[in-house]
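Residue-level structure breakdown
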Amino acid sequence: MDLEELDARLEQALTSKTYAELAVLTADLPKQQPAGDLPPLVLKGGLHGAFRGPGRREVPGHVIAQGGLAGVKLDFTRVDCRLTEVRVEAYGEAAGVTIVIPDGWAADTSAMDPGIGGLKDRTTSDRLPGTPLIRLSGSGGMAGVVIRHPNRWERRKLNSNPARG
């Protein structure tokens, strides 16, 4: 899209009075798949572990994390999430699962079975408007599941690389 077309679309958007008039502006643009329609993200710790670190990416509506023998760490900091709710199934198994959510996000762990390893919910209930709720289910297994906000070292890394992701 060149500047002339952008200017014309902006003018039409500002003068539109109905949703139908606005829809015409984007009808020819490629459609993006809604995050809720994305296939589940499956992370398996296996023998070597799995890590999904902070970064600019779309979050699917369903995530499955299986700790295996080496563990899984799932970091939601700096992700793009337009969903109001994300279902995360976590199975601690032998090495555990750690889930890191940004400040302002909240978690519901009521459907989680702590298993032998337990569940450590170190999140706050201070959910900001427009942020997702992480609905956690699954089992702690032998090693457990931890859900928390970034720790001191993770915050330091995020603050030192604010635009990186």
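Here, every reference points to the structure presented above.
Scope of this entry: the structure provided in the associated data block.

Here we look at the overall build of the chain
- Across its full length, the chain holds three helices and ten strands.
- The principal-axis extent of the C-alpha atoms belonging to the chain is close to 60 × 35 × 30 Å.
- When each of the 165 residues of the chain is scored for burial, the buried share is 38%.
- By element, 55% of the accessible surface of the chain is carried by carbon and sulfur atoms, the whole surface being about 10000 Å².
- Put simply, the chain has 21 plus and 20 minus side-chain charges, and the middle of one group is 10 Å from the middle of the other.

Section: the pairing of strand β6 (residues 97–100)
- When strand β4 (residues 72–75) meets β6, the two strands line up parallel, connected through four bridges. In the sheet register, Lys73 faces β6, and the bridge partner there is Thr98.
- Pairing of β6 with strand β10 (residues 145–148), which is carried by four bridges, proceeds in the parallel orientation. Paired with Val97 across the two strands is Val145, which belongs to β10.

A short note on the sheet that holds β10
- Spatially, the five strands line up as an open sheet ordered β2-β4-β6-β10-β8, and their pairing is parallel. Each edge of the open sheet carries a strand with a single partner, namely β2 (50–52) and β8 (119–122). Between one strand axis and the next, the sheet turns through 5 degrees on average, direction left out of account.
- Relative to β10, β8 runs parallel, the two sharing four bridges. Within β10, the position partnered with Arg122 by the bridge is Arg148.

Quick word on the sheet that holds strand β9 (residues 133–139)
- Spatially, the five strands line up as an open sheet ordered β1-β3-β5-β9-β7, and their pairing is parallel. Each edge of the sheet is formed by a strand with only one pairing partner; in this case those strands are β1 (41–44) and β7 (106–113). Direction aside, the axes of adjacent strands within the sheet are offset by 15 degrees on average.
- Looking at chain direction, β7 and β9 are connected through six bridges and run parallel.

Some remarks on the side chain of Thr131
- Considering the arrangement of structural elements, one finds Thr131 in the loop between β8 and β9.
- Aside from chain neighbours lying at most four places away, what touches Thr131 is Thr84, Gly104 and Trp105.

Section: the pattern of salt bridges
- A complete count under the given rule lists seven salt bridges for this structure.
- For the salt bridge of Arg135 with Asp108, the shortest nitrogen-to-oxygen distance reads 2.5 Å. Here Arg135, found in strand β9, pairs with Asp108, found in strand β7; they are 27 residues apart in sequence, far enough to count as distant.
- Since its relative accessible area comes to 33%, Arg135 is described here as partly exposed.
- Owing to a relative accessible area of 22%, Asp108 belongs among the partly exposed residues under this scheme.
- Put simply, Arg148 and Glu154 hold a salt bridge, and the shortest N to O gap is 2.6 Å.
- With a relative accessible area of 13%, Arg148 lands in the buried category.
- Classification of Glu154 as buried rests on a relative accessible area of 12%.

What counts and what doesn't
- Residues numbered from 1 in each chain as written.
- Predicted model: local features only at pLDDT ≥ 70, side-chain atom pairs only at ≥ 80, totals over all residues.
- Heavy atoms only, no water.
- Helix = DSSP H or I, 4+ residues; strand = E, 2+ residues; numbered from the N terminus.
- Buried < 20%, exposed > 50% of the residue type's maximum accessible area, 1.4 Å probe, protein only.
- Areas by Shrake-Rupley, 256 points an atom, 1.4 Å probe, with all protein chains shown as cover.
- Lys, Arg positive; Asp, Glu negative; His and termini not counted.
- Charge placed at Lys NZ, Arg CZ, Asp CG, Glu CD.
- Pairing = 2+ DSSP bridges.
- Axes fitted to C-alpha atoms, helices over the stretch in contact; angles between N-to-C directions.
- Contact = heavy atoms within 4.5 Å.
- Salt bridge = Lys/Arg side-chain N within 4 Å of Asp/Glu carboxyl O.

Without other data, these values stay purely geometric and don't point to any function.
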